[in-house]
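An overview of the molecular structure
Next come the chains, spelled out residue by residue.
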Amino acid sequence: MTLAEFKRIYFWEYSHRLLGRAIGVIFLFPFLYYLKKGYINRNLSLKMAGVFLLGGSQGLLGWYMVKSGLDEKNIDQREGIPRVSQYRLAAHLGSAFVIYCALWWLALDLLTNKKPLNLNVSGNELAKTIKTIKTLRFGAPLISGLVFITALSGAFVAGLDAGLIYNTFPYMGGKLIPSDIIDNKIKPKFRNMFENAVTVQFEHRVLAITTFSSILTLYALARGRGGWKGLPKSVRVLSTSLFGVACVQVGLGITTLLTFVPTPIASAHQMGSLTLLTVALWFLHAIRRIPK
């Protein structure tokens, strides 16, 4: 690594640290002020305190992740290129997403005041709408979970530079399942799921396709059972938005792969995963506001 390359990495790394600390300060002092003034109740204050503690642990986890990049053994195994552990990278990203999800859910509770969403139909159409709502109630949390897990698998792709192999789609080396998906040198074999770049890229593809297919299926069921018009407008808008964002995210993912992972497109793909998770949680929150 040259001095210029180190400076570039140091700039982003140190800026990231400063931003993380700034977020903590911006969160803590207003929180303490509102708590002292009695502007927030006990229930909300406990939730916000929990989020702050998660933020503190996130900083420690970040330090633990960066420390792995200074391990000489790991550097030697990766041809002298410093790389953080993909396990710690995934943990750090997952922790960040958990904190974001908690904050977003709290924000939705406050913005909507948990006000129930009423249905727009009665009589014969009501039964169809209720059936559609049951389907959405079942599917919405599953989709949120799939989006989260798929994003988490992306951390393993990034940590192993797995996006730089098999830059074709939908095939990998001319096959749907590549011949080198299992590296017999990796023991035990299940560790291929986390340490073999080929396996990790394959997993990410499967998870992404599963997530997109689930969103498409849920959207089709919502629109095709005759209860679509009876749903609250916000639910219809969010359902359509979820499908739209999913289409964009799949497009970004394929483009990232085919263009050999340029940083701007890869960053857009990562932001797309957070956007998709945001809409998925918003959709889930809206569904839960419909009275049973």
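The structure under discussion appears in the preceding block.
Structural notes, computed from the coordinates.

Procedures and definitions
Residues numbered from 1 in each chain as written. Predicted model: local features only at pLDDT ≥ 70, side-chain atom pairs only at ≥ 80, totals over all residues. Heavy atoms only, no water. Phe/Tyr/Trp six-rings, centres within 6.5 Å; stacked < 30°, edge-to-face > 60°. Helix = DSSP H or I, 4+ residues; strand = E, 2+ residues; numbered from the N terminus. Lys NZ or Arg CZ within 6 Å of the ring centre and 35° of its normal. 1 Å grid on protein atoms, 1.4 Å probe; cavity = no way out; pocket = protein on both sides within 12 Å on 5 of 7 lines; lining within 4 Å. Points joined across faces, edges and corners; volume = space filled by probe spheres on them. Buried < 20%, exposed > 50% of the residue type's maximum accessible area, 1.4 Å probe, protein only. Core = buried A, V, L, I, M, F, W, Y, C linked by side-chain atoms within 4.5 Å. Contact = heavy atoms within 4.5 Å. Expected span 1.5 Å × (residues − 1).

1. Examining the packing of aromatic side chains
- Following the criterion strictly, the structure yields 16 aromatic pairs and no others.
- Geometrically, the ring pair formed by F27 and F31 is tilted, given 6.0 Å between the ring centres and 35° between the ring planes. Here the residue F27 and the residue F31 both occupy positions in helix α1 (residues 3-37), the gap between them amounting to four residues, near one helical turn.
- Taken together, the aromatic side chains of F212, Y219, W228 and F243 make up a single cluster linked through ring pairs.
- Here the basic side chain of R88 rests over the ring of Y64, its NZ or CZ set 3.6 Å away from the ring centre.

2. Observations concerning empty space enclosed by the protein
- Within the structure shown, the criterion is met by one cavity of 30 Å³ or more.
- Quantified by volume, the largest cavity comes out at close to 40 Å³.
- If you trace the largest cavity, you find it lined by L136, I143, I215, L218, Y219, A222, S239, L242 and F283.
- Residue assignment for the lining of the largest cavity shows that the elements contributing at least two residues are α5 (124-159), α7 (197-224) and α8 (233-258).
- It is α7 that contributes the most residues to the lining of the largest cavity, four residues altogether.

3. Here we look at the environment of P188
- Residue position: P188 is located in the loop between α5 and α6 (192-195).
- Judged by relative accessible area, P188 falls into the partly exposed class, the value being 41%.
- Taking C-alpha positions, P188 is 20 Å from A90, a pair spaced 98 residues apart along the chain.

4. Section: the nonpolar core
- The biggest cluster of nonpolar side chains holds 39 residues, and the ones touching the most others in it are L136, V235, L242 and F283.
- At the level of elements, α4 (86-112), α5, α7, α8 and α9 (263-288) are the ones that each hand at least two residues to this core.
- Not counting chain neighbours up to four residues away, the residues in contact with L136 comprise P141, L218, A222, L231, V235, F283 and I287.
- Core analysis: the second largest hydrophobic core is formed by eight residues, M48, V51, I99 and L106 among them.

5. Here's the deal with α8
- Taking 1.5 Å per residue as the helical rise, α8 with its 26 residues ought to reach 38 Å, and the 38 Å between its terminal C-alpha atoms agrees with that figure.
- Each element contacted by the buried residues of α8 is listed here: α5, α7 and α9.
- A positive phi of about 60° marks F260, the residue just after α8.

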